[in-house]
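If you want the building blocks of each chain, they are given just below.
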Protein chains: 2
Amino acid sequence: MQRTSQKVSMAVIRRLPKYYRYLENLLNKEIYRISSKELSRIIGFTASQIRQDLNCFGGFGQQGYGYNVEELYKEIGKILGLVREYKSVIIGAGNLGQAIANYSDFQRKGFKLKAMFDINPKLIGLKIRDVEILDVDNLEDFIKENDIEVGIICVPFSKAQETADRLIAAGIKGIWNFAPFDIKVPDNIVIENVHLSESLFTLSYLLNEYNNPED
Amino acid sequence: MQRTSQKVSMAVIRRLPKYYRYLENLLNKEIYRISSKELSRIIGFTASQIRQDLNCFGGFGQQGYGYNVEELYKEIGKILGLVREYKSVIIGAGNLGQAIANYSDFQRKGFKLKAMFDINPKLIGLKIRDVEILDVDNLEDFIKENDIEVGIICVPFSKAQETADRLIAAGIKGIWNFAPFDIKVPDNIVIENVHLSESLFTLSYLLNEYNNPED
DNA sequence: TGAACTCTGTTAATTAATAAACAATTTTCT
DNA sequence: AGAAAATTGTTTATTAATTAACAGAGTTCA
Ligand SMILES: NC(=O)c1ccc[n+]([C@@H]2O[C@H](COP(=O)([O-])OP(=O)(O)OC[C@H]3O[C@@H](n4cnc5c(N)ncnc54)[C@H](O)[C@@H]3O)[C@@H](O)[C@H]2O)c1
Ligand SMILES: NC(=O)c1ccc[n+]([C@@H]2O[C@H](COP(=O)([O-])OP(=O)(O)OC[C@H]3O[C@@H](n4cnc5c(N)ncnc54)[C@H](O)[C@@H]3O)[C@@H](O)[C@H]2O)c1
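Small disclaimer: the values here were computed from a predicted structure and weren't measured.

*Asks:* Would you take a moment to explain the site of ligand 1 for this structure?
*Replies:* Near ligand 1 you find 23 residues, and of these N95, L96, D118 and V155 of chain A together with Y103 of chain B are the closest. Neighbouring residues of ligand 1 are distributed over chains A and B. Within the contact set of ligand 1, a nitrogen atom lies 3.5 Å away from a backbone nitrogen or oxygen of I119 of chain A. At the level of secondary structure, the elements contributing two or more residues to the shell around ligand 1 comprise α6 (95–101) of chain A together with α6 (95–101) of chain B.

Here you go:
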């Protein structure tokens, strides 16, 4: 077990959700024990990296045996903070906002959607899966009154920063942003920018790289 | 200019779309010249990294002057392969598939949506922005007849790999996958897995890290 | 025009991330 | 029970990524 709790690198942190997903799959297959070597084979990281990653948070394995899948799954869930609920709201109830609202997996992992907000009168008052679309004018009041912690930004990119600023002023703790804009937040606020177009353009690059081999 | 065209690292490649986006913003603000130092200030990478990244592909700047924004934007567009069209299809016309189909930005960057496919008879025959939802039974024929290059997977995770296999067998070149499953593809096929839940769980981790400072 | 200044491209130095190695411990099997 | 095999946690080595440094080329402006 790591004694000195020094800062864990983002590279490690971003691998944790992948471990979590693969462990969940193992449990669903009723596999209750796994070695770093075998996990390496299915997840694609080296066994060494898996052991080192996990050891950033504690010694969850046992020499000669490996890891108990259920225990490790629970531990990583704790590390990721998936052991409690996060009251959340979506701002921008358009195509993407509605798609996310309709997606139950995030709710099941603790992200409870309490309301959606929009500026378009035609959308205000509608419900998506029991969650009402409210007038964005009520955003601050709702966040304060309901102790909302997470805001999911699905507004056009030109409104993304101002929406974030309103969320932060109202007391939000974290922002999940889908607008193609790098939202700036103060140090005590957590931001995760998604940027789907960057993923698509990477695909585009790789498509051409293959067509024009440079080696 | 880099003489030997050695392999560019994925770290660099994944930064290119960000350069592209910021340069587009600069052009919209009618800024036609920029130094690595100033770009560093607005994009958040070090000036040194910017110069080194760009130099993987050529000497686009000029000593004493900086970079011509329009020229650099065009060059990166070429590098990313955003100078031609990619005929694409979406498989899975549910919440996310429809949201992506309704999003015009990707089309504007060259990703032309030619059809959507679903297994649900209630959806088959409907149109999203002039694009028809077809029976997934016709997937292979459509891809071959229309020279489709890119498949966007929006089916449930349990159908993701088999959908990919069908796409590949039919001659697709690249796959953009939104299902929470790491799709395996042969070497000559490009895959970009999105994994929104990994992004959300990273946010969750960071929310808790802040609450339990470890330093 | 020319001196002072700017800024790139590129190499060198530093830091971070990944992989390998291995002692210590536990399991497995006879 | 005891030897052989397996597997972790952790240290060390290696590779990759980032940052710094700076010569040389080009710009700016009096
Ligand atoms: N749909 C996609 O597939 C997709 C993909 C990548 C990125 N995005 C990004 O996600 C965001 C949403 O995309 P979309 O396709 O859902 O767009 P959309 O136009 O369907 O929805 C945007 C919604 O935001 C609302 N809105 C506008 N200003 C607002 C404000 N100030 N406060 C509250 N609501 C406001 C609009 O009324 C609209 O309902 C955009 O930034 C887009 O660039 C979307
Ligand atoms: N909606 C989101 O916000 C979101 C977020 C993250 C990930 N995802 C992932 O994206 C995928 C789609 O999500 P969704 O919310 O749109 O789900 P959805 O259920 O709304 O849509 C899935 C669609 O796929 C169709 N389908 C099922 N099997 C098929 C097959 N074999 N061939 C063709 N079509 C088939 C279904 O009929 C349905 O219309 C899922 O894998 C989901 O996990 C969605």
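*Asks:* How should I be thinking about the environment of I42 of chain A in this particular structure?
*Replies:* All names here are of chain A. On the secondary structure map, I42 appears in helix α3 (residues 36–43). By relative accessible area, I42 is classed as partly exposed at 25%. Counting along the chain gives 47 residues from I42 to V89, while the straight-line C-alpha distance between them is 36 Å.

*Asks:* For this particular structure, what's the right way to read the packing of helix α3 (residues 36–43) of chain B against helix α4 (residues 47–55) of chain B?
*Replies:* Helix-helix packing is characterised by the crossing angle of the two axes and by the distance between the axes. Residues and elements named next belong to chain B. Here α3 crosses α4 at 110°, and the two axes come no closer than 8 Å. Viewed along their axes, α3 and α4 adopt a mutual orientation that is roughly perpendicular. Residue-level inspection shows S36, K37, L39, S40 and I43 of α3 in contact with α4, the latter providing A47, I50 and R51.

*Asks:* I would appreciate a short explanation of the interface of chain B and chain A in the present structure.
*Replies:* Often, the extent of an interface is quoted as the loss of accessible area on bringing the components together. Each partner contributes to the interface: chain B provides 60 residues, whereas chain A provides 60 residues. Buried area between chain B and chain A, summed over both chains or domains, comes out near 5500 Å², and the portion from carbon and sulfur atoms is 64%. On inspection of chain B and its partner chain A, the count reaches 10 salt bridges. Residues K18 of chain A and E198 of chain B are paired through a salt bridge, measuring 3.8 Å at the closest nitrogen-oxygen approach. Summed over the shared surface of chain B and chain A, the result is 23 residue pairs in polar contact (both at pLDDT 80 or more). In terms of residue count, helix α10 (residues 196–211) of chain B provides more of the side of chain B that touches chain A than any other element does, 16 residues in total.

*Asks:* Please clarify how the sheet that holds strand β3 (residues 66–68) of chain B should be interpreted in this entry.
*Replies:* Within a sheet, adjacent strands bond to each other through the backbone by hydrogen bonds, running parallel or antiparallel. Residue and element names in this part refer to chain B. The antiparallel open sheet is built from 3 strands, whose spatial order is β1-β3-β2. Edge positions in the sheet fall to β1 (33–34) and β2 (61–62), since each of these pairs with one other strand and no more. Across 2 bridges, β1 lies against β3 in antiparallel orientation. Paired with R33 across the bridge in β3 is N68.

*Asks:* Explain the relation of the copies chain B and chain A here, please?
*Replies:* Both copies of the chain are related by one operation, a rotation about an axis with a shift along it. Here chain B sits on chain A after a turn of 180° about the axis and a move of 0.0 Å along it, with an RMSD of 0.0 Å. This pairing of chains is accounted for by a two-fold axis. A share of 100% of interface residues in chain B that are also interface residues in chain A marks the association as one of identical surfaces.

*Asks:* What am I meant to see in the protein's contact with DNA strand D here?
*Replies:* Taken together, 28 residues lie near DNA strand D, and S36 and Q63 of chain A together with R33, S48 and Q63 of chain B sit nearest. The contact in question runs from a sugar or linking oxygen of DNA strand D to an N or O atom on the side chain of Q49 of chain B, over 3.3 Å. Counting only elements with at least two residues in the surface near DNA strand D, the list comes to α4 (47–55), β2 (61–62) and β3 (66–68) of chain A together with α4 of chain B. Counting residues per element, the surface near DNA strand D draws most heavily on α4 of chain B, at 4 residues. Class assignment of the residues belonging to the surface near DNA strand D gives a composition of 5 nonpolar, 19 polar and 4 charged.

*Asks:* I'm lost on the site of ligand 2 in this one. Help?
*Replies:* Inspection of the region around ligand 2 gives 24 residues, with Y103 of chain A together with N95, L96, D118 and V155 of chain B positioned closest. Flanking ligand 2 are residues from chains A and B. Within the contact set of ligand 2, an oxygen atom lies 2.6 Å away from a side-chain nitrogen or oxygen of Y103 of chain A. A distance of 2.5 Å is found between an oxygen atom of ligand 2 and a side-chain nitrogen or oxygen belonging to D118 of chain B. Contact with the protein chains covers 85% of the free accessible surface of ligand 2, which is 830 Å². Those elements that provide at least two residues to the shell around ligand 2 are α6 of chain A together with α6 of chain B. In the shell around ligand 2, the residues fall into 18 nonpolar, 4 polar and 2 charged.

*Asks:* How do you make sense of the pairing of strand β8 (residues 150–153) of chain A when you look at a structure like this?
*Replies:* Two faces belong to every sheet, and in a regular strand the side chains alternate between them. Residues and elements named next belong to chain A. Burial of β8 is two-sided: the residues V150 and I152 facing one way and the residues G151 and I153 facing the other way are all buried. Of the strand pairs in this sheet, strand β4 (residues 86–91) and β8 are connected by 4 bridges, and their pairing is parallel. The partner of I91 across the bridge, within β8, is I153. As paired strands, β8 and strand β9 (residues 174–177) are joined by 4 bridges and run parallel to one another. Residue pairing in the sheet places V150 in a bridge with G174 of β9. Taking the sense of rotation as the criterion, the β-α-β connection linking β8, helix α9 (residues 160–170) and β9 turns out right-handed.

*Asks:* Help me understand the protein's contact with DNA strand C, please; the structure alone is not making it clear to me.
*Replies:* DNA strand C sits among 29 residues. The nearest are R33, S48 and Q63 of chain A together with S36 and Y67 of chain B. Sugar and phosphate atoms form 62% of the subset of DNA strand C atoms that lie within 4 Å of the protein. Q49 of chain A has a polar side-chain atom sitting 3.4 Å from a phosphate oxygen of DNA strand C. Residue R51 of chain A places a side-chain N or O atom 3.2 Å away from a base nitrogen belonging to DNA strand C. Sorting the residues of the surface near DNA strand C by element identifies α4 of chain A together with α4, β2 and β3 of chain B as the ones contributing at least two each. The element that contributes the greatest number of residues to the surface near DNA strand C is α4 of chain A, accounting for 4 residues. Here the residues of the surface near DNA strand C sort into 6 nonpolar, 19 polar and 4 charged.

Cut-offs and rules
- Residues numbered from 1 in each chain as written.
- Chains lettered and ligands numbered in written order.
- Predicted model: local features only at pLDDT ≥ 70, side-chain atom pairs only at ≥ 80, totals over all residues.
- Heavy atoms only, no water.
- Near = heavy atom within 4 Å.
- Polar contact = N/O pair within 3.5 Å; in protein donor to acceptor, adjacent residues only side chain to side chain.
- Helix = DSSP H or I, 4+ residues; strand = E, 2+ residues; numbered from the N terminus.
- Buried < 20%, exposed > 50% of the residue type's maximum accessible area, 1.4 Å probe, protein only.
- Axes fitted to C-alpha atoms, helices over the stretch in contact; angles between N-to-C directions.
- Parallel < 35°, antiparallel > 145°, perpendicular 65-115°, else oblique.
- Contact = heavy atoms within 4.5 Å.
- Buried area = accessible area lost by both parts, 1.4 Å probe.
- Salt bridge = Lys/Arg side-chain N within 4 Å of Asp/Glu carboxyl O.
- Pairing = 2+ DSSP bridges.
- Least-squares fit on C-alpha atoms with pLDDT ≥ 70 in both.
- Nonpolar A, V, L, I, M, F, W, Y, C, P; charged D, E, K, R; others polar.
- Areas by Shrake-Rupley, 256 points an atom, 1.4 Å probe, with all protein chains shown as cover.
- Right-handed = clockwise from strand over helix to strand, strands pointing away.

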